[in-house]
2 protein chains.
Amino acid sequence: MNSKYTNKLRSSGMRPTRQRIKICEILFDREHTFHFSINDLAEIVKNNAKEKIALATIYNTVHLLTKKGYLKEISINSDKSYFDTNTSSHHHFFDEETSKLIDLDNEYVDPINIRKNIPGKKVKSIEVLVKIDNDNQNQK
Amino acid sequence: MNSKYTNKLRSSGMRPTRQRIKICEILFDREHTFHFSINDLAEIVKNNAKEKIALATIYNTVHLLTKKGYLKEISINSDKSYFDTNTSSHHHFFDEETSKLIDLDNEYVDPINIRKNIPGKKVKSIEVLVKIDNDNQNQK
DNA sequence: TGCTTATATTATAATCATTCTAATCTATAT
DNA sequence: ATATAGATTAGAATGATTATAATATAAGCA
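Now for a quick tour of the structure. (Residues numbered from 1 in each chain as written. Chains lettered and ligands numbered in written order. Predicted model: local features only at pLDDT ≥ 70, side-chain atom pairs only at ≥ 80, totals over all residues. Heavy atoms only, no water.)

Before going further, it helps to spend a moment on the pattern of salt bridges. Going through the model one piece at a time under the given rule, you end up with 15 salt bridges over all chains. Put simply, Lys124(A) and Asp133(B) hold a salt bridge, and the shortest N to O gap is 4.0 Å. Here Asp133(B) lies in strand E6 (residues 121-134) and Lys124(A) lies in strand E6 (residues 121-134), a pairing that spans two chains. Judged by its relative accessible area of 17%, Asp133(B) falls in the buried class. A network of salt bridges, in which partner residues are shared, links Glu96(A), Asp133(A) and Lys124(B). (Salt bridge = Lys/Arg side-chain N within 4 Å of Asp/Glu carboxyl O. Helix = DSSP H or I, 4+ residues; strand = E, 2+ residues; numbered from the N terminus. Buried < 20%, exposed > 50% of the residue type's maximum accessible area, 1.4 Å probe, protein only.)

To continue, consider the protein's contact with DNA strand D. In the vicinity of DNA strand D, 22 residues are found, and the nearest of them are Thr17(A), Gln19(A), Thr57(A), Arg10(B) and Tyr59(B). Of all DNA strand D atoms lying within 4 Å of any protein atom, the proportion belonging to sugar or phosphate reaches 83%. Here a phosphate oxygen of DNA strand D sits 2.9 Å away from a polar atom, N or O, in the main chain of Ala54(A). One nitrogen or oxygen atom from the side chain of Arg10(B) is found 2.7 Å from a phosphate oxygen belonging to DNA strand D. Sorting the residues of the surface near DNA strand D by element identifies helix H2 (18-28) and helix H4 (55-67) of chain A together with helix H4 (55-67) of chain B as the ones contributing at least two each. When residues in the surface near DNA strand D are grouped by element, the largest group, 4 residues, is from H4(B). Taken together, the residues of the surface near DNA strand D break down into 9 nonpolar, 5 polar and 8 charged. (Near = heavy atom within 4 Å. Polar contact = N/O pair within 3.5 Å; in protein donor to acceptor, adjacent residues only side chain to side chain. Nonpolar A, V, L, I, M, F, W, Y, C, P; charged D, E, K, R; others polar.)

Function-wise, these values are silent; they only describe arrangement.
Spelled out as structure tokens, the structure:
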């Protein structure tokens with residue numbers, strides 16, 4: 001039961017269980033960053049894992065990984081939560097046609113200067129969402 | 001049954017019903033723009049209107065007003081939908097402490113240039129979300 | 001005006017994502 | 001090995017939203 005995620009999990013105070021290791025493998029053994037909803041992940045787990053993982057465990061693990069800084073929650077259309085394996089501060093395209101998110105790295109966007117302050121509050125993050133849609137013909 | 005909203009509704013192909021007029025009055029008879037969830041609006045209706053309006057009607061009306069361009073849906077934390085009576089393209093602060101949205105007008109943010117294109121797609125909107133939190137002491 | 005019909009409203013049930021619960025299991029420290 | 005704190009599980013509960021199907025109403029027409 002050893003994996004490259006065993007220590008990663010343990011070092012964040014998460015016991016390295018079979019389920020958590022499997023979920024980490026699905027999420028992080030990838031070349032590119034991965035955007036997903038809980039439902040996406042649950043589907044992959046179902047098709048991919050030898051043994052079943054309860055939906056509640058998937059929720060718990062994703063939320064824990066988010067709290068520990070290995071995932072980032074993305075606020076998009078309000079029907080579902082999306083998560084991103086790219087935890088750096090960065091921007092997104094949101095394709096309205098496919099409802100898919102695409103990373104937009106900081107290098108493509110000049111630094112954004114906000115010339116307004118809210119008293120007693122400090123800025124925690126500044127992120128841009130670019131909504132896109134098909135280019136062709138008429139848009140109803 | 002005449003109201004300044006009678007024609008506004010009719011000109012958008014919406015029959016000016018008592019319920020719709022009442023909802024318009026609540027939403028648009030205001031000095032400042034108004035951010036709300038369906039639940040916020042339902043509460044105001046309950047305390048404000050002489051006669052009850054069914055929750056389904058509130059949902060239907062808000063969605064119709066959104067489709068007709070009188071309201072704008074805001075994508076924030078994924079638990080609920082928020083709507084905004086300011087339908088122009090503009091930005092927001094999101095106060096993580098209170099979960100409240102604050103308008104951030106374009107004049108406080110320089111134009112944002114995105115140096116990346118997605119083939120076959122055109123940009124529909126570019127909006128910034130600035131997350132803020134209490135300034136004082138320790139966070140966590 | 002009154003009638004007809006397309007459209008709205010309503011109460012309630014259904015759905016869907018998410019969270020809770022309480023029983024069972026397991027990683028870890030002794 | 002054993003005890004126990006922490007994790008997993010199935011299923012129930014919750015809360016927002018949408019669907020349903022019966023009733024009511026606005027608008028067009030005689």
